[in-house]
Amino acid sequence: MAGAQTVPGSGTWHRIGASATVVLASFAGGLELLYAVLETGPRGSWRAADLVGGALACLALLWRRRAPVVVALSLAVAASVVASAGVANMVALYFVARSRSLAVAVAVAVADVAAGWVFWLVYPGNKGLGLTLIVNVAIAAAVTAWGALLQSQSALLGAYRERAERAEQEEALREEHIRATERTRIAREMHDVVAHRISLVALHAGGLEVAPTHEADGVREAAALIRTSAVLALEELRGAIGILREDEPRSLDQPGLDRLDGLVHDARSAGQDVELVVDLPAAPATDGGVGRDVYRIVQEGLTNARKHAPGEPVRVAVTRENDGVEVVLVNPCVDRFLDVPGSGSGLIGLVERAALAGGTLRHGLTPTGDFELRATLPWR
């Protein structure tokens, strides 16, 4: 709003109050020194000049944070002849010790002790020189040590605070990395699941297209299978996308070895000729680990077989191999293929999945001309 005045905030008022307190306390100490402590000092008009000089010296403390060393040395010079500046110079020394190195603070402290010696030479009627030097050295040493100690404490607290902030940042980065890794894994699961369902839809539709006759019951059955596969694909896709939109992604429902029969049943219902052989121990207890990987490998292998060798038989074997599980899918190679778009990364994803599980996956033509997908995964 035009003409509005800026009101200082609480931090500004705090700084103003602190500066006023420092200036007034320093001048009060200088007055105490001038009127009560010194045995001899300026008299008459010289005392009035001393008061003015002490007031100006105390006002110089307003710049104690911007130029602490300059202010401290200037007040040391002033304190050598102005009695009421004898406290302001020690206050300035404190701020030098708080903000500068110990060597600089000691140098300023030496200048303050020298100022006390010069003041004794100007007014020799006070206590003995030895006592004056001892008192000035003790005060300067105490002020320097106090300021240096508080500076070290502040630096230590700052280091702890910085370390805590860095730890929080590292933890946030670690969580973000975990979240990104989980999202990537879920995206791969989406590819495997949706590609499997869509290939079933394409296979059913292709069967309708090439069938020489279309009986009502057959068309109805094929349409029902297409609808079921499409609905399942949409539901699984919706669930995966919903997870990816959340702040904390969680794992999708993970199939295992116990669902291989259902996977093969779906493929057979779509007209795919699949032979499944499972020869594993009675209690695998691997559904959360290798069971999931075996399921996805078989799922992707059947999907590829439907795309690139439609109508051809597929043999699937899941057996125990030494300390691991071996998965083998074999199907004949043919020239025809199902016109279904794909990402082209299915087999690449399977290779990565097997590698992450600590196993291997190979694929290619056999000496008999068949296409073979062979994976070996550790038993865990």
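The numbers attached to residues start from 1 for each chain and follow its sequence in the written order. At least 70 in pLDDT is required for a residue's local features to be given in this predicted model, at least 80 for side-chain atom pairs to be given and counted, and no such filter applies to totals for whole chains, interfaces and linings, which use all residues. Excluded from the side-chain calculations are hydrogens and water; all other atoms, namely the structure's heavy atoms, are used.

(A) Expanded view of the side chain of Asn89. Helix numbering and strand numbering both begin at the N terminus, where a helix is a DSSP run of H or I of at least 4 residues and a strand a DSSP run of E of at least 2. Positionally, Asn89 belongs in helix 4 (residues 88–99). Only protein chains enter the area calculation, which uses a 1.4 Å probe; residues under 20% of their type maximum are buried, those over 50% are exposed, and those in between are partly exposed. The class of Asn89 is buried, set by a relative accessible area of 3%. Any two residues whose heavy atoms approach within 4.5 Å at even a single point are treated as in contact. Once you skip the residues sitting within four places of it in the chain, Asn89 turns out to touch Leu75, Ala76, Ala79 and Asp112.

(B) Region of the structure containing the sheet that holds strand 1 (residues 274–279). For two strands to be treated as a pair, DSSP must find at least two bridges joining them. A sheet is described by the order of its strands in space; here five strands give the open sequence 1-2-3-5-4, paired in mixed fashion. Of all strands in the sheet, those with a lone pairing partner are strand 1 and strand 4 (360–365), marking the two edges. If you compare each strand with its neighbour and ignore which way they point, the axes differ by 10 degrees on average. Where strand 2 (residues 314–321) meets strand 3 (residues 324–332), seven bridges bridge the pair, whose relative direction is antiparallel. The residue bridging Ala317 from the neighbouring strand is Val328, located in strand 3. Axes, fitted as lines to C-alpha atoms, cover a helix only where it is in contact. Angles between the N-to-C directions of the axes lie from 0 to 180 degrees. Sitting on the sheet, helix 9 (residues 290–308) touches strand 1, strand 2, strand 3, strand 4 and strand 5 (370–378), and the angle it makes with strand 3 is about 5 degrees.

(C) Local environment of the pattern of salt bridges. For salt bridges, the criterion is a side-chain nitrogen of Lys or Arg within 4 Å of an Asp or Glu carboxyl oxygen. Taken as a whole and assessed by the stated rule, the structure comprises five salt bridges. With a shortest N-O distance of 2.8 Å, Arg174 and Glu171 are connected by a salt bridge. Highlighted residues: Arg174 and Glu171, both in helix 6 (residues 129–210), separated by three residues, approximately one helical turn. The class for Glu171 is partly exposed, based on a relative accessible area of 33%.

(D) Seen up close, the pairing of strand 2. As defined by bridge partners, strand 1 adjoins strand 2 across six bridges and the pair is classed as parallel. For Asp279, the partnering residue across the bridge sits in strand 2 and is Thr319.

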